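# Observations on the three-dimensional arrangement
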Amino acid sequence: MPALRQKTPRRKGPQDACPVGACGRWKGGHGMSESIKRRIAALRQKTTDRGCTEQEAIAAAEKAASLMREYDLSELDIEISQDSVKAKTHGASIRDRLWRDLARLTNTATLVGDIDGDHRTFVGRAPGPEIATYLFVVLDRAIDRAVREFKKTPNYTRLRKQKTKRQAVYDFTAGMVVRLGVRLSALFADTVSEDAMSDAERALAERYPDTVAVRQRPGAVKNGNIATLGYLAGNNVNLAHGVNASSGPKAIAGKAGAA
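## Some details on the packing of helix α5 (residues 128-150) against helix α7 (residues 162-187)
When two helices pack together, their arrangement is given by the angle between the helix axes and the distance between those axes. One way to put it is that α5 packs onto α7 with a least axis distance of 11 Å and a crossing angle of 145°. The way α5 lies across α7 gives a crossing that is right-handed. Contacts from Leu135, Leu139, Ala142, Ile143, Ala146, Val147 and Phe150 in α5 reach Ala168, Val169, Phe172, Thr173, Met176, Leu180 and Leu184 in α7.

## Brief notes about the side chain of Thr89
Mapped onto the fold, Thr89 is located in the loop between β2 (80-86) and α4 (94-105). Excluding its chain neighbours within four sequence positions, the residues that come into contact with Thr89 are Asp96, Trp99 and Val112.

## A word on helix α2 (residues 54-70)
The end-to-end C-alpha distance of α2, which contains 17 residues, comes to 24 Å, matching closely the 24 Å that a straight helix rising 1.5 Å per residue would cover. Every buried residue of α2 is accounted for by Ala57, Ala60, Ala64, Leu67 and Met68. Within α2, the buried residues cover an arc of 100° as seen down the axis, which keeps them to one side. Away from its buried face by more than 90 degrees, α2 exposes Glu54, Gln55, Glu62, Arg69 and Glu70. Of the residues flanking the end of α2, it is Asp72, one or two places downstream, whose phi is positive at about 55°.

## Re the packing of α4 against α5
One can describe the packing of α4 onto α5 by two numbers: an axis separation of 11 Å at closest approach and a directional angle of 155°. Judged by the inter-axis angle, α4 sits roughly antiparallel to α5. Between α4 and α5 lies a crossing whose hand is right-handed. Of the residues in α5, those in contact with Arg95, Leu98, Trp99 and Leu102 of α4 are Ala132, Leu135, Phe136, Leu139, Asp140, Ile143 and Asp144. Counted by class, the contact of α4 with α5 contains eight nonpolar, no polar and three charged residues.

## As for the pairing of strand β3 (residues 108-112)
Every regular strand shows the same layout, with side chains that alternate between the two sheet faces. Within β3, five of the five residues are buried, which leaves it mostly tucked inside the rest of the structure. On β3, burial covers both faces: Thr108, Thr110 and Val112 on one face and Ala109 and Leu111 on the other are all buried. Sheet topology places β3 next to strand β4 (residues 119-125); five bridges connect them, and they run antiparallel. Bridge pairing in β4 links Thr108 to Gly124.

## Regarding a nonpolar patch on the surface
A cluster of nonpolar residues, Val178, Val182, Tyr231 and Leu232, forms a patch on the protein surface that exposes about 330 Å² of accessible area. When residues of the nonpolar patch are traced back to their parent elements, those giving at least two are α7 and α9 (224-233). Topologically, Leu232 is positioned in helix α9.

## Remarks on the nonpolar core
Leu98, Leu102, Leu139, Phe172, Met176 and Leu184 are the most contacted members of the largest nonpolar core, which totals 35 residues. Elements represented by at least two residues in this core include exactly α4, α5, α7 and α9. The biggest single contributor to this core is α5, with ten residues. When near neighbours in sequence (up to four residues on either side) are disregarded, Phe172 contacts Ala146, Val147, Phe150, Ile226, Leu229, Gly230 and Ala233. Membership of the second largest hydrophobic core comes to ten residues, among which are Ile80, Ala109, Leu111 and Ala200.

## Here we look at the packing of aromatic side chains
The final tally for this structure, using the stated rule, is four aromatic pairs. Ring geometry for Phe122 against Phe136: centres 6.5 Å apart, planes inclined by 65°, an arrangement best described as edge-to-face. With Phe122 in strand β4 and Phe136 in helix α5, this residue pair connects regions lying 14 residues apart in the sequence. An identical accessibility class is assigned to Phe122 and Phe136; each is buried.

## Looking at a positive patch on the surface
Taken together, the side chains of Lys161, Lys163, Arg166 and Lys222 present a region of like positive charge at the surface. Residue class for Lys222 comes out exposed when judged on its relative accessible area of 66%.

## Some remarks on the confidence of the model for the chain
Across the chain, pLDDT averages 80, with 78% of residues at or above 70. The element-level mean pLDDT for the chain is lowest in helix α11 (residues 248-256), coming to 48, with α9 highest at 98. For the stretch residues 7-32, pLDDT sits under 50, and the model shows 38 contacts to residues farther than four places along the chain or on other chains. A low-confidence stretch, residues 253-259 stays under pLDDT 50, and its non-local contacts, those more than four residues away or across chains, total eleven contacts.

The rules behind each value
Residues numbered from 1 in each chain as written. Predicted model: local features only at pLDDT ≥ 70, side-chain atom pairs only at ≥ 80, totals over all residues. Heavy atoms only, no water. Axes fitted to C-alpha atoms, helices over the stretch in contact; angles between N-to-C directions. Helix = DSSP H or I, 4+ residues; strand = E, 2+ residues; numbered from the N terminus. Left-handed = near helix turned anticlockwise from the far one by under 90°. Contact = heavy atoms within 4.5 Å. Expected span 1.5 Å × (residues − 1). Buried < 20%, exposed > 50% of the residue type's maximum accessible area, 1.4 Å probe, protein only. Arc of directions from axis to C-beta. Parallel < 35°, antiparallel > 145°, perpendicular 65-115°, else oblique. Nonpolar A, V, L, I, M, F, W, Y, C, P; charged D, E, K, R; others polar. Pairing = 2+ DSSP bridges. Patch = residues over 30% accessible without salt bridge, like charges linked within 9 Å, V, L, I, M, F, W, Y side chains within 5 Å. Areas by Shrake-Rupley, 256 points an atom, 1.4 Å probe, with all protein chains shown as cover. Salt bridge = Lys/Arg side-chain N within 4 Å of Asp/Glu carboxyl O. Core = buried A, V, L, I, M, F, W, Y, C linked by side-chain atoms within 4.5 Å. Phe/Tyr/Trp six-rings, centres within 6.5 Å; stacked < 30°, edge-to-face > 60°. Lys, Arg positive; Asp, Glu negative; His and termini not counted. Charge placed at Lys NZ, Arg CZ, Asp CG, Glu CD. pLDDT = per-residue confidence, 0-100.

As structure tokens, this is what we get:
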């Protein structure tokens, strides 16, 4: 799936829909909030199977349906969550290949660009977006640290031209991205769900209809030895820490299996 970017919001007048990021809502930017979403979800949990009387269950269902009509909400609006994180890249860099893998493996759809253009958003069934954004931070910082360490080695310091230095960083990062992608695939292999992914992509398309594909920046590894160093550096990232801190694949599996 190509990288997606939200178009720069049009600025015409007060009649325009409020862009996500300015008000944090969709469906025209008016009325929807996380508190309403949680309220509806709680009402839908009031069933006879959970100890409610038939009258209580019917009343809760009617109230939930009424709120959904009032705020023009679909089933996907209630079931699908989203989370965003600050991002240094905008869909075209070598790191963005890893973020797209991360989205797929956490059963989320992703795009870059917000009201100020420097966020990556993950959309999907909970807790996918939360896990994706947490791991995004863990992995992004790990790559930053590894690149800083690489720049202290002779493989980098002996280079004189900025162009060759940039290429060396690209090669190192590319190797690390490949290794991290392989490790993530093994970690989430049992929880990837085509149905959950389809729902996430549909929800993203509904919430962000004005997205455009981001063209991948051309680039190729030129020094295999440096790429290998990056690949090996990918072994040193503690993925278990990141996953355990945000519920991890087991939590995703519970949602994906029900999709």
